[in-house]
Amino acid sequence: MKRTAFLLALLAVISGCGKDKGNGPDSETATIWPLQIGSQWTYEEIEYDSAGHITAVDTTILAVADDTIIGNERWYILTSNGIADQEIGPITNRNDGLWAGGISGTLQFKYPAGLNDTFMMGSQVSIVESIHDSITVPAGVFICYNYKWLDDSTGFRAFQYHYLSTEIGFVMAVEYYRTQSGTIYPGHTSELISYLLNKELDGNWRGL
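Just so you know, these numbers come straight off a predicted model, no measurement behind them.

(A) Region of interest: the overall build of the protein chain. Within the protein chain, the secondary structure is distributed over 1 helix and 15 strands. Carbon and sulfur atoms make up 50% of the accessible area of the protein chain, which totals about 9700 Å².

(B) Examining the side chain of S190 more closely. Here S190 lies in strand β14 (residues 184-199). In terms of polar contacts, S190 uses its side chain to reach the side chain of E45, at 2.5 Å.

(C) The side chain of S39, seen in detail. Locating S39 in the fold gives a position in the loop between β1 (18-19) and β2 (40-48). In terms of polar contacts, S39 uses its side chain to reach the backbone amide nitrogen of N198, at 2.9 Å. Once you skip the residues sitting within four places of it in the chain, S39 turns out to touch L62, A63, V64, L196, L197 and N198.

(D) Quick look at the packing of aromatic side chains. According to the stated counting rule, one finds 13 aromatic pairs in the structure shown. Ring plane angle 80 degrees and centroid distance 6.4 Å describe the contact between F119 and Y147, whose orientation is recorded as edge-to-face. Placement of F119 in strand β9 (residues 118-121) and of Y147 in strand β11 (residues 140-150) is noted, with a sequence separation of 28 residues between them. The same class applies to F119 as to Y147, namely buried. Every member of this aromatic cluster is reached through a ring pair, and the members are F109, Y111, F119, Y145, Y147 and W149. Positioned above the aromatic ring of W99 is the side chain of R94, whose terminal nitrogen or guanidinium carbon lies 4.6 Å from the ring centre.

(E) Quick peek at the pairing of β9. Going residue by residue along β9, you find F119 and M121 tucked away on one face and T118 and M120 left uncovered on the opposite face. Two strands pair when backbone bridges link them, and β9 and strand β10 (residues 124-137) are joined in this way by 4 bridges, in the antiparallel orientation. When the bridges of β10 are listed, T118 appears paired with I127.

(F) Examining the pattern of salt bridges more closely. For the structure on display, the rule yields 4 salt bridges. Notably, a salt bridge pairs R157 with E175, separated by 2.5 Å at the nearest N-O pair. Of this pair, R157 sits in strand β12 (residues 157-165) while E175 sits in strand β13 (residues 169-178), placing them 18 residues apart in sequence. Using a relative accessible area of 14% as the deciding quantity, one classes R157 as buried.

(G) View of the environment of A63. Relative to the assigned elements, A63 resides in strand β3 (residues 54-70). Between the alpha carbons of A63 and L197 there is a distance of 9.8 Å; along the sequence they are 134 residues apart. Setting aside its immediate chain neighbours within four residues, A63 contacts S39, Q40, I77, L78 and T79.

(H) Spatial organisation of the confidence of the model for the protein chain. Residues of the protein chain with pLDDT of at least 70 account for 78%, and the chain-wide mean is 84. Ranking the elements of the protein chain by mean pLDDT puts strand β15 (residues 204-207) last, at 43, and β2 first, at 97. Here residues 13-28 scores under 50 on pLDDT; set against residues more than four positions off or in separate chains, the count is 60 contacts. In the model, residues 201-208 has pLDDT below 50 throughout and makes 18 contacts with residues more than four positions away in sequence or in other chains.

Cut-offs used in this document
- Residues numbered from 1 in each chain as written.
- Predicted model: local features only at pLDDT ≥ 70, side-chain atom pairs only at ≥ 80, totals over all residues.
- Heavy atoms only, no water.
- Helix = DSSP H or I, 4+ residues; strand = E, 2+ residues; numbered from the N terminus.
- Areas by Shrake-Rupley, 256 points an atom, 1.4 Å probe, with all protein chains shown as cover.
- Polar contact = N/O pair within 3.5 Å; in protein donor to acceptor, adjacent residues only side chain to side chain.
- Contact = heavy atoms within 4.5 Å.
- Phe/Tyr/Trp six-rings, centres within 6.5 Å; stacked < 30°, edge-to-face > 60°.
- Buried < 20%, exposed > 50% of the residue type's maximum accessible area, 1.4 Å probe, protein only.
- Lys NZ or Arg CZ within 6 Å of the ring centre and 35° of its normal.
- Pairing = 2+ DSSP bridges.
- Salt bridge = Lys/Arg side-chain N within 4 Å of Asp/Glu carboxyl O.
- pLDDT = per-residue confidence, 0-100.

Written as structure tokens, this is what we have:
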């Protein structure tokens, strides 16, 4: 199965936007990706060639399967289509954003963040391109933080855009590739189809 762009990026380097209804990205209690055991997100994965033709379509289900305590912090274990990938490692929200890979891991998405904030994921540069993008995916319309990940200029992947929600987490990603002649084109997209959140505060499930 094709991994989501988010999981691919985690491997390469090792909550936010709000829905139109409910808490916005500036909520004091918000995280860039709400993490509770039992929550899951379903994505449509589409690959394109340099001419814009679709070459593959797949579906990926991300789920928070378990948690663990590392260094007095609670970290969460994601599965992709029911399989835990040991290379990715756990993820957690800290007061500066979403981290991956455990204590020795990297900051993936800075939050809270301001427009044009720049931070490092290991040797990779990330820029906060927007804190209020309106993004439409099959799961709905979301007002989003947009993170631009800059990739190695000598590689086939040029850069990526990641859109996350303080209410539901990862919403969409677009990866831009580079042809041998230097042409940049969108080669892969991940879009949220549906989600199911385990809200511990009220004990209810919420989803689409």
